[in-house]
Amino acid sequence: MHYYQPMWTLVGGGMKTLENSGKPMSQVLPKKADWIKQRVVSFDPANNKIKGLPEAFETPGVGSNYSPLYVNNTFESLKNFKQGNAIFTFPATPIKCAGAPQKIMYIADEYLRKNGKRDKANIIFNTSLGVIFGVKKYAEVLWEVVKERNLTVNLRHNLIEVKPDSREAVFQNLDNPEEFKTFEYEMLHVTPPMSTPDVLNQCAPLVDGAGYLNVKKETMQHVDFPNVFGIGDCTNLPTSKTAAAVAGQIGVLRKNLSAVMAGKNPNSHYDGYTSCPLVTGYSKCILAEFDYDGNPLETFPINQAKERRTMFHLKKDFMPDMYWLGLLNGYWEGPKYFRKAMHLGLK
Ligand code: UQ1
């Protein structure tokens, strides 16, 4: 057992007794202060909650595709759309599937066009990020898409409050944190701030400062504990958090775990491969694929930055089986060998 001295200052030397050196909290607390007799379990300053949520999800126009409870609200608010702002948000934390917050905007745009309501809508993407997408090749095409479809993109805008009574959403300007902008909404699609599960982020030896499992980016072995490995969304691997990334990581994990269990060094390396099928409408998709350095790592020998119907069907009709049958059963380790075959081993 270790003994820790609690942080008390005792006036020593026999001038005062122990009893005379302290007072109960009830006597010293200012009269106007409320005494909440609970312990703080943790602090989470980077992950401030959005005021007004989740209550506002129970009110008209507010939904989120990130929650099984509120995903149906998204389509309901599109069906009920009359006129005004349709706002789509992106938070100031890492998130799962970073393309999804804007994919739903493209789908909403097409839905409103099909239903003759597009001229009644201002479609706005308010994102905390300073870019529309992290990889230049795809970002350039997405800027063209938003321009052509008359979608407004406001960078560095972070949702901090939803006021369902007045149907307003408040955003903080991340470049000038004193500045707040209020937008009325007819429809609001929220992408909430995200974190790892508490059971992990409260285990300080395992995680980095942001609460993610602290692993080496090539081998996925824990930085301090050689018998701990990690893959997926809970890790601090500097790639985007997608099922495609997990598929790329699984093969490396399999080899490295086997090596370590056999007393050898883990020397299989993950290149950061991830993929984001950016659905840009009801029948179009840009299939982004890239590595740690943001270099495109495309499977097919065609320019995948172009919106394509083939990629839409790959995403909608093949990816689910790839996930449910391949990935979940441990058979799918990403498209690396297809890519090599299709590029004659050059990529
Ligand atoms: C992928 O491998 C994958 O695996 C589980 C997904 O999740 C369902 C994907 O969305 C994508 C895009 C990939 C990448 C696969 C190919 C064939 C490009």
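Reading the values: rules and limits
- Residues numbered from 1 in each chain as written.
- Predicted model: local features only at pLDDT ≥ 70, side-chain atom pairs only at ≥ 80, totals over all residues.
- Heavy atoms only, no water.
- Bend = angle between axes of the 7 residues up to and from the residue.
- Helix = DSSP H or I, 4+ residues; strand = E, 2+ residues; numbered from the N terminus.
- Buried < 20%, exposed > 50% of the residue type's maximum accessible area, 1.4 Å probe, protein only.
- Contact = heavy atoms within 4.5 Å.
- Patch = residues over 30% accessible without salt bridge, like charges linked within 9 Å, V, L, I, M, F, W, Y side chains within 5 Å.
- Areas by Shrake-Rupley, 256 points an atom, 1.4 Å probe, with all protein chains shown as cover.
- Salt bridge = Lys/Arg side-chain N within 4 Å of Asp/Glu carboxyl O.
- Near = heavy atom within 4 Å.
- Polar contact = N/O pair within 3.5 Å; in protein donor to acceptor, adjacent residues only side chain to side chain.
- Pairing = 2+ DSSP bridges.
- Axes fitted to C-alpha atoms, helices over the stretch in contact; angles between N-to-C directions.
- Domains from an automatic or database assignment.
- Buried area = accessible area lost by both parts, 1.4 Å probe.

Draft legend 1. The arrangement of helix 7 (residues 309-327) in detail. Phe-318 marks where helix 7 bends most, by close to 45°; the proline Pro-320 follows one to four residues later. Residues of helix 7 that are buried include every one of Met-311, Phe-312, Leu-314, Gly-326 and Leu-327, and no others. Close packing links the buried residues of helix 7 with helix 6 (243-261), strand 9 (274-279) and strand 10 (285-290).

Draft legend 2. Layout of a nonpolar patch on the surface. On the surface, Tyr-323, Trp-324, Leu-325 and Leu-328 cluster together into a nonpolar patch covering about 440 Å² of accessible area. Within the secondary structure layout, Trp-324 lies in helix 7.

Draft legend 3. A look at the site of the ligand. Near the ligand you find 13 residues, and of these Tyr-273, Ser-275, Glu-289, Met-319 and Trp-332 are the closest. One nitrogen or oxygen atom from the side chain of Trp-332 is found 2.8 Å from an oxygen atom belonging to the ligand. Relative to its free-state accessible area of 440 Å², the ligand is covered by the protein chains to the extent of 92%. Going through the elements one at a time, helix 6, strand 9, strand 10 and helix 7 are the ones with two or more residues in the shell around the ligand. If one sorts the elements of the shell around the ligand by residue count, helix 7 sits on top with three residues.

Draft legend 4. The arrangement of the sheet that holds strand 8 (residues 187-189) in detail. Here five strands make up an open sheet; going across it, the order is 1-8-2-3-4 and the pairing parallel. The open sheet has two edge strands, strand 1 (62-63) and strand 4 (152-154), and neither has a second partner. When strand 1 meets strand 8, the two strands line up parallel, connected through two bridges. By the bridge assignment, Val-62 is partnered in strand 8 with Leu-188. Packed onto the sheet, helix 2 (residues 71-79) meets strand 1 and strand 8 and runs at close to 155° relative to strand 8.

Draft legend 5. Broad picture of the domain arrangement of the chain. As assigned here, the chain comprises domain 1 (2-21 + 52-194) and domain 2 (198-277 + 284-342). Relative placement of domain 1 and domain 2: their C-alpha centres are 26 Å apart. The interface is formed by 15 residues belonging to domain 1 together with 19 residues belonging to domain 2. Both faces combined, the contact of domain 1 with domain 2 buries some 1,400 Å², and carbon together with sulfur accounts for 61% of it. Counting across the interface, domain 1 meets domain 2 through three salt bridges. Among the ionic pairs, Glu-307 bridges to Arg-149, the shortest N-O distance being 2.8 Å. Where domain 1 meets domain 2, there are eight residue pairs in polar contact (both at pLDDT 80 or more). If you tally residues by element for the side of domain 1 that touches domain 2, the top one is helix 4 (residues 136-148), at five residues.

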